[in-house]
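Structure at a glance
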Amino acid sequence: MDLSYTPEQEEFRARLREWLVKALPALPPKPSPDDWPGRRAYDLGWQRTLYDAGYADVHWDASPTMRLIFLEETETAGAPYVGANFVGLLHAGPTIAAEGTAGQRDRWLPSILRGEEVWCQGFSEPDAGSDLASLRTRARRDGDEYVVTGSKIWTSHAEVADWCELLVRTDPAAPKHRGISWLAMPMDAPGVTVRPLRTLAGSTEFAEVFLDEVRVPVANRVGEENDGWRVTMVTLSFERGTAFVGEVVACRRVLGEIAREARANGRWDDSGVRRRLGRLYAEFRALWRLTQWNVSEGEAPSGGGPGAPGVPGVPGVGGSVFKLRYSRARQELFDSAAEVLGVGALDLEQPWVVDRLSSLSYTIAAGTSEIQRNIVAERILGLPKG
Amino acid sequence: MRFQLTDDQRDLRGGVRELLARRFGREVLRGAVERPGLDRGLWRELGEAGFFGLRLAEAAGGVGLGVPEAVLVFEEAGRALLPGPLVATHLAAGAVPGAATGETVVTAVGGGGLVEWLDEADVVVGEVSGAVALRSVDPLTPLHRVPGAPAAAGPDDLFVLLTAAEQLGTAVRTCEAAVQHARTREQFGRPIGAFQAVKHLCAELLVRVEVARVAVYAAAVTADPVDIAAARLAADEAAVRGARDCLQVYGGMGFTWEVDVHLCLKRAWVRAERGGSITESEELLAGELLVEAG
């Protein structure tokens, strides 16, 4: 068990740190949360900056430990988050890299890395949430094209995306996992309608996407027809492991700020408040250790590459253990902020109040805590399926 | 960074697990419950296996290993519910003659003035005059209490860390037992583990174990007092809450003397006190948080 970094890793960290000091002041001002075209331009610009500096493919080609260092340092320095590049860099891109043809890789991957195109995700449907494989959006083959009709939901960045990684049903007669295909759909195709969804936090973080006879070339299918479920699982397993590195770093910083606020407003004199914050500090330290543990476990002997299936480089169900604990800890963090703020917690202008609202999605998005517990119980502990 | 067990560490853990399964399996455990008393023969065998002299230099007759290895060994002791003042004797190795070899049984005054196995120990670390016997809740841990022991004088860090390692091992045991029971016990024509209400209890058992595991292992590597405080909180929770949930999964049988779950819970309670005040650990962490926040 070794928690120290190699000289090579430390050098990577030092060079990155040095570069961030120079690169961050040159960033344009941050767009407002409601300015979607502005957010797109800002996020793509950051990806382009990373590309020019040689950091564009850190999510794909770097070892998990290098990725951990990259995410830790960029978050600590206050660099932009992946934002609109999220699906391209962490879902669609790795899927295309692992399962696409040479032509598909050449068409889509460079534009993701260079910050030229935005991807969104069309997986969930109004009637297919936790039971994703029951999705009903239908793709009918018509010559060289699929004709797609249905609706998708919880699609982030749909308003500004160029492409959508879309799961469609190509064989309604097959068992539900075996009749699904993975398509790259251009978002400007006729028949695509995007309707923003307002969250309980008041913002429009995602959208519903309605598809009415949308024509998608068969050449845009990644993987075999009806093999989309397996193709998708490659993507989903890739997302875990380092997915929350930046957030854990950020949560530790927020916890420190909450402690300082408590000290300033007198709440720190309450031993109950101090003890709860002390426990949360222990919790986030442990979550950092769990991240280091999972990343070490994910270190492939021969750097498996993005989404390479079945190699130790793909973090597996350990991600469910992490997500269960982290999502709860994040909610407790902002609840404790509210305890420190008192009446201020009812004022949307106060820090952390909107974050507290947003944190409510964490036990639901990307697999509810209930689904995660099923995964842990069935795949790790070997309990029978219900 | 390679925060995983090395092959040697895996082998060490496997070896200790095998030794304890052979020498302190379930029958011996239940026998010890019915006939309390320290098994001196087992104690010497543990000494010969290097249990107590693990961290002593080889030149001094020890094994020459470090705190991470000690933590793995104590995790296995906790998993086996091995009784006796193991941590105190381990920490006395090198200082008290015979402790390393298992000839001398050493106990110590722990958190809240608690002393385990006082009547059986050959040597006591700390002041025990006026110690009063308790009717111990744990049938495998005789207890005394030193009246007026200063609450502030908490046990030292390594004592707390190795106690946390034992808690981790007991938490592992409760998780394994709950899962085993959930797979085999049938109701409504199905293993109860097929029901989500039971399944989710088991999943949470594992989550607490894994969080405690990384916290304890990391504290063993850094030996940082803040990491140790964090580790003990996670390990106490995993062991105590784990035993409670395991008992729940066992249903009515969990409430009986015959099933081992209560032994896990009672030992976890004893160790949670032995590690000193939980409030103090939380306050230490809170103080460090403020320092880090600047």
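None of the values given here were measured: they were computed from a predicted structure.

What follows concerns the overall build of chain A. For chain A, the count of helices and strands is 11 helices and eight strands. Against the globule reference of 21 Å for 386 residues, chain A gives a C-alpha radius of gyration of 21 Å, in line with a compact fold. Principal-axis analysis of the C-alpha atoms gives chain A an extent of 70 × 50 × 45 Å. Accessible surface computed for chain A: about 16600 Å², of which carbon and sulfur atoms make up 52%.

It is worth spelling out the domain arrangement of chain A at this point. Residues and elements named next belong to chain A. Partitioning chain A into domains gives domain 1 (7-113), domain 2 (119-224) and domain 3 (240-380). Summarising the inter-unit geometry, the C-alpha centres of domain 1 and domain 3 are found 22 Å apart. Taken together, the contacts link 15 residues of domain 1 with 16 residues of domain 3. Contact between domain 1 and domain 3 buries roughly 1300 Å² in total, counting both sides, with carbon and sulfur atoms accounting for 64%. Broken down residue by residue, the surface that domain 1 buries against domain 3 is led by P64, L68 and E75, which jointly contribute 40%. For R253, the salt bridge is made with E75, and the minimal N-O distance between the two is 3.0 Å. Our count for the domain 1 to domain 3 interface comes out at three residue pairs in polar contact (both at pLDDT 80 or more). Contributing elements (two or more residues each) for the side of domain 1 that touches domain 3: α3 (64-77) and α4 (86-99).

Where charged atoms from two side chains of opposite charge approach closely, those side chains can pair. In total, this model carries 60 salt bridges over all chains according to the counting rule given. The residue B:E282 makes a salt bridge to A:R275 at a minimum N-O spacing of 2.4 Å. On the criterion of chain membership, the pair formed by B:E282 in helix α10 (residues 278-293) and A:R275 in helix α8 (residues 271-298) is interchain, its members lying in two chains. Assessed through its relative accessible area of 3%, B:E282 is described here as buried. For the salt bridge of B:R40 with B:D122, the shortest nitrogen-to-oxygen distance reads 2.9 Å. Note that B:R40 is positioned in helix α3 (residues 40-48) and B:D122 in the loop between β2 (114-116) and β3 (123-125), a separation of 82 residues in sequence.

Looking now at the sheet that holds strand β5 (residues 143-145) of chain B. Residues and elements named next belong to chain B. The sheet built from three strands is open, its strands ordered β2-β5-β4 with antiparallel pairing. Two strands in the sheet have a free side with no partner beyond their single neighbour: β2 and β4 (132-133). With two bridges joining them, β4 and β5 adopt antiparallel strand pairing. Bridging from a neighbouring strand, V132 pairs with R145 of β5.

With 52 residues of chain B at the interface, the matching set in chain A holds 51 residues. Interface area for chain B against chain A, summed over the two sides, is near 4700 Å², with a carbon-plus-sulfur share of 64%. In this assembly, chain B and chain A are joined by 10 salt bridges. Where B:K199 meets A:E378, a salt bridge forms, and the shortest distance between an N and an O atom there is 2.6 Å. Elements that contribute at least two residues to the side of chain B that touches chain A include exactly α6 (157-184), β7 (190-191), α7 (196-222), α8 (225-250) and α10 of chain B. In terms of residues, the side of chain B that touches chain A owes the most to one element, α7(B), which gives 18 residues.

Moving on: α7(B). Residues and elements named next belong to chain B. Helix length check: α7, at 27 residues, gives a terminal C-alpha distance of 39 Å against a target of 39 Å (1.5 Å per residue), a fit within 8%. Summarising burial for α7: 22 of the 27 residues are buried, a large majority. Phi turns positive one or two residues past the end of α7, at A223, with a value near 55°.

Its identity is not glycine, yet A:H157 carries a phi of approximately 60°, on the positive side. If you trace the backbone, A:H157 turns up in the loop between β3 (145-156) and β4 (163-169). On the accessibility criterion, A:H157 (11% relative accessible area) is buried. With a phi close to 55°, B:L81 is a non-glycine residue in the positive phi region. Inspection of the secondary structure assignment puts B:L81 in the loop between α4 (67-80) and α5 (86-92).

Residue and element names in this part refer to chain B. Two numbers describe how α7 lies on α8: the axes approach to 8 Å, and their chain directions differ by 155°. Taken together, the axes of α7 and α8 lie roughly antiparallel to each other. With respect to the hand of their crossing, α7 and α8 are arranged in left-handed fashion. Its residues assigned to classes, the contact of α7 with α8 comprises 16 nonpolar, three polar and five charged.

Mean pLDDT over chain A: 92, with 94% of residues reaching 70 or higher. A low-confidence stretch, residues 302-315 of chain A (pLDDT under 50), is modelled with 25 contacts involving residues beyond four sequence positions or located in other chains.

Confidence in the prediction of chain B, expressed as mean pLDDT, is 96, and 99% of residues score 70 or more. With a pTM of 0.95, the predicted complex shows an ipTM of 0.96.

Reading the values: rules and limits
- Residues numbered from 1 in each chain as written.
- Chains lettered and ligands numbered in written order.
- Predicted model: local features only at pLDDT ≥ 70, side-chain atom pairs only at ≥ 80, totals over all residues.
- Heavy atoms only, no water.
- Helix = DSSP H or I, 4+ residues; strand = E, 2+ residues; numbered from the N terminus.
- Rg over C-alpha atoms; globule rule 2.2 N^0.38 Å.
- Areas by Shrake-Rupley, 256 points an atom, 1.4 Å probe, with all protein chains shown as cover.
- Domains from an automatic or database assignment.
- Contact = heavy atoms within 4.5 Å.
- Buried area = accessible area lost by both parts, 1.4 Å probe.
- Salt bridge = Lys/Arg side-chain N within 4 Å of Asp/Glu carboxyl O.
- Polar contact = N/O pair within 3.5 Å; in protein donor to acceptor, adjacent residues only side chain to side chain.
- Buried < 20%, exposed > 50% of the residue type's maximum accessible area, 1.4 Å probe, protein only.
- Pairing = 2+ DSSP bridges.
- Expected span 1.5 Å × (residues − 1).
- Axes fitted to C-alpha atoms, helices over the stretch in contact; angles between N-to-C directions.
- Parallel < 35°, antiparallel > 145°, perpendicular 65-115°, else oblique.
- Left-handed = near helix turned anticlockwise from the far one by under 90°.
- Nonpolar A, V, L, I, M, F, W, Y, C, P; charged D, E, K, R; others polar.
- pLDDT = per-residue confidence, 0-100.

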